[in-house]
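Structural features, examined
What follows is each chain in one-letter form.
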Amino acid sequence: MLTIAVAKGYLMAEAVARFSEIGIQFEDDLTVSRKLFTIDTTGHYRILQVRPWDVPVYVARGAADVGISGFDVLEEKNDAVIRLLDLGFGGCRLIMAGEKTRTFTGPFHDIRVATKYPNATSAYFQKIGIKAHIIKLYGAIELAPITGLADVIVDLTATGKTLEENHLTIMDTIFHSTAQLITNASSFCLKDTQIRTLTHQISSLR
Amino acid sequence: MQTNGFLILPRAVEVYQAQSSMYNVSMNLFTPFGVSEFLPDAALRHNKLTQQIAKYFEIAGFSPIRTPVVEYFDALAVGLDPHLVSQSIRFFDTSGHMMILRPDHTTPIARMVASRLSKTPIPLQFYYVAPVFRNTTTDSPMELFQAGVEWIGVTGPQSDAQLIQQCVRLLSQLGFTDLGVDIGHPALADGLSTADRDALVHHDYVRLGRLPERGTIEVARHIPELVALDTELRALNLHETVRYNTGLIREFEYYTGPHFEVYANGIRQMVACGGRYDRLISKFGYDCPAVGFALNLSLIQEALAQC
């Protein structure tokens, strides 16, 4: 049996739709049920519903053979996973944003940056040569500039609506992110045929 | 991205502080992250396992060798892989010399062979069962137990095939029969663009744009050394066990010929790896070919405990 870890929420719905298109039907709909896992009608696949940040952990440690995770999470956490395929859905981007009313000519030294992505943020400021102080937050990042906790934020956005509603404006795009299909070295060696077939089936959908 | 050391250390301190305050401990009774502390049951299992492995190697004709736990960094650095240097634990002694805790066995054995055994007739056959020390990561402890062999002074596909046979036999004797053996070769990287090579090293097949081919010798027909190895493996009836993996490319090429990685069902990481390294001993001043493999004993012991 192939165990698949998928991030709860939007990615789960999209993933289940793709699996259905290639003939894999799961017994329970995890997007409405409170169950955290379900098996497909053939008994060959088991899908786990986990937190987005936990997908690469399940895969890297072999609790799942494959996983569907956002590129943003993979870049930030750097777990030992093999990246098989860009799935194209779950599109969003990691951006730097600041208050609309505050006019920046650009990022400045000793800038205070609030983010859920300290590693990607640190790599970005390193690349542009700016000395930054990173403040790690766990949510509602948009509040940081408004309350004076930080000068700018680095956060994920799909539509830009939350930024807009909180009077923030995008200053730069750090990277674009979509969902990726991942596996671990042990599964990719021992369940080679199954994983390759699944990858080819999903990639031929587009 | 950052090195693991950078990411892990602040966390280790954080966890230590959290633990101390949580349990109101005033004395520091905690051990560093990633060191082994065996209580009697585990220690007994560990001893039995290491004795079983030592006995296997001795019957196969290998002699024990022990390398120092601590060495001068400069002496070992001559032959040490850059990725091992970055993972190694280093410090200064009282006279200001930089010291290193051995991060692998192959490099110090190569140093010992070049400095002390260059007049001894080859082949030399050594085995070891002892820990190496590396910076703790989420995937690997600081004190990592290894068991392995170095077979020094041998050339040709027959020795490469026999090495793989020894590794597979030992693992099956330990109870691991559902194995996957992937074989690679440095020549697989020939002609690759820097970008493709980098994508393969980082296992990023999205960036590569395809899945690397893996299968029978047909995928590696263009590498004569692998074709010769396959003939030998066929003679040992191992050709069904192995797969040639065109994606098995390493960042720093320490191997000069065929090399392999072994995976076992139910174990999340590589359980063993090895191959041909003909230029390592010459870095220490003695030109001599060699092959060897190492088992990740920490992982094996963890898997056996769960059975």
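Every residue gets a number counted from 1 within its own chain, in the order that chain's sequence is written. Just so you know, chain letters begin at A and ligand numbers begin at 1, following the order they were written in. The predicted nature of this model means local features are confined to residues of pLDDT at least 70 and side-chain atom pairs, given and counted, to a pLDDT of 80 or more, with totals for whole chains, interfaces and linings taken over all residues.

1. Remarks on the nonpolar core
Our working definition: Definition of nonpolar core: a set of buried Ala, Val, Leu, Ile, Met, Phe, Trp, Tyr and Cys residues joined via C-beta atoms within 7 Å. To assign burial, the other C-beta atoms lying within 10 Å of each residue's own C-beta are counted, with C-beta atoms placed from the backbone; 20 or more indicates buried, 12 or fewer indicates exposed, and intermediate counts indicate partly exposed. In this description, a residue-residue contact is defined by the distance between C-beta atoms placed from the backbone, which must lie within 7 Å.
The biggest cluster of nonpolar side chains holds 104 residues, and the ones touching the most others in it are A:Val59, B:Val262 and B:Val271. Filtering out sequence-adjacent residues up to four positions away, B:Val271 remains in contact with B:Leu171, B:Phe176, B:Val262, B:Tyr263, B:Ala264, B:Leu295, B:Asn296, B:Leu299 and B:Ile300. If you look at the next biggest cluster of nonpolar residues, it comprises 20 residues, including A:Ile95, A:Ala150, A:Val154 and A:Leu163.

2. Side note on the interface of chain A and chain B
Condition: We count a stretch as a helix when DSSP gives it H or I for four or more residues in a row; a strand needs E for two or more, and each element gets its number in order from the N terminus. By the convention adopted, Pro, Cys, Tyr, Trp, Phe, Met, Ile, Leu, Val and Ala count as nonpolar, Lys, Arg, Asp and Glu as charged, and the other residues, Gly among them, as polar.
The interface of chain A with chain B comprises 20 residues on the first partner and 17 residues on the second. Every element with two or more residues in the side of chain A that touches chain B is listed here: β5 (82-86), α4 (118-128), α7 (185-190) and α8 (192-203) of chain A. Examining the composition of the side of chain A that touches chain B, we find that five residues originate from one element, β5(A), more than from any other. Among the residues forming the side of chain A that touches chain B, the class breakdown is eight nonpolar, seven polar and five charged.

3. With respect to the packing of helix α6 (residues 157-173) of chain B against helix α9 (residues 224-235) of chain B
Residue and element names in this part refer to chain B. The line we're drawing: A fitted line through C-alpha atoms serves as each axis, taken over the contacting stretch for helices, and the angle formed by two N-to-C directions is quoted from 0 to 180°. Convention used here: angles under 35 degrees read as roughly parallel, angles over 145 as roughly antiparallel, angles from 65 to 115 as roughly perpendicular, and any remaining angle as oblique. Here a crossing is taken to be left-handed if its near helix is turned anticlockwise relative to the far helix by less than a right angle, and right-handed if that turn runs clockwise.
The contact between α6 and α9 brings their axes to 8 Å, and the two run at 55°. As the angle between them shows, α6 and α9 are arranged oblique. For the crossing formed where α6 meets α9, the hand is right-handed. Judged by residue contacts, Pro-157, Gln-158, Asp-160, Ala-161 and Ile-164 of α6 engage Glu-225, Ala-228, Leu-229, Glu-232 and Leu-233 from α9. By residue class, the composition of the contact of α6 with α9 is six nonpolar, one polar and three charged.

4. Looking at the sheet that holds strand β8 (residues 132-136) of chain A
Residues and elements named next belong to chain A. Condition: Pairing between two strands requires that DSSP report at least two bridges joining them.
Spatially, five strands are ordered β8-β7-β9-β6-β10 in an open sheet, and the strand pairing comes out mixed. The open sheet terminates on both sides in strands that have one partner only, identified here as β8 and β10 (168-177). Strand-to-strand twist in this sheet, taken as the mean axis angle between neighbours without regard to direction, amounts to 25°. With eight bridges connecting them, strand β6 (residues 92-99) and β10 associate as antiparallel partners.

5. With respect to the sheet that holds β5(A)
Residues and elements named next belong to chain A. The strand order β2-β3-β1-β4-β11-β5 describes an open sheet built from six strands, whose pairing is mixed. Single-partner strands in this sheet number two, and they are β2 (37-39) and β5. Each adjacent strand pair in this sheet contributes to an overall mean axis angle of 25°, direction not counted. Examined bridge by bridge, β5 and strand β11 (residues 179-183) share four bridges and lie antiparallel to one another. Looking at the pairing, Ile-82 lines up with Thr-183 of β11. The strands touched by helix α1 (residues 10-21) are β1 (2-7), β3 (45-50), β4 (66-70) and β11; relative to β1, the strand with the most contacts, the crossing angle is about 140°.

6. Examining the environment of B:Asn296
All names here are of chain B. Relative to the helices and strands, Asn-296 resides in strand β12 (residues 290-296). Using a count of 22 C-beta atoms within 10 Å as the deciding quantity, one classes Asn-296 as buried. Spatially, the C-alpha atom of Asn-296 lies 6.4 Å from that of Phe-145, the residues being 151 residues apart in sequence. Apart from the residues lying within four places of it in its own chain, the contact partners of Asn-296 are Gln-146, Gln-269, Met-270, Val-271 and Ala-272.

7. Quick word on the domain arrangement of chain A
All names here are of chain A. How we decide: Domain borders in the structure are assigned automatically or taken from a domain database.
Domain boundaries assigned for chain A yield domain 1 (2-90 + 178-203) and domain 2 (92-176). Domain 1 puts four residues into the contact, and the matching count from domain 2 is six residues. Here the side of domain 1 that touches domain 2 is composed, by residue class, of no nonpolar, one polar and three charged.

8. Regarding unusual backbone geometry
Between B:Ile122 and B:Pro123 the backbone carries a cis peptide bond, its omega angle lying at 0°. When you line up the elements, B:Pro123 lands in the loop between α5 (106-116) and β5 (124-133). Within the chain, A:Asp110 stands out as a residue other than glycine whose phi angle is a positive 65°. In this structure, A:Asp110 sits in the loop between β6 and β7 (111-115).

9. Topic: the environment of A:Ala114
Looking at the element boundaries, A:Ala114 is found in strand β7. If we ignore the near neighbours within four places in the chain, the residues touching A:Ala114 are A:Ile135, A:Leu137, A:Ile141, A:Ala144, A:Leu149, A:Ala150 and A:Ile153.

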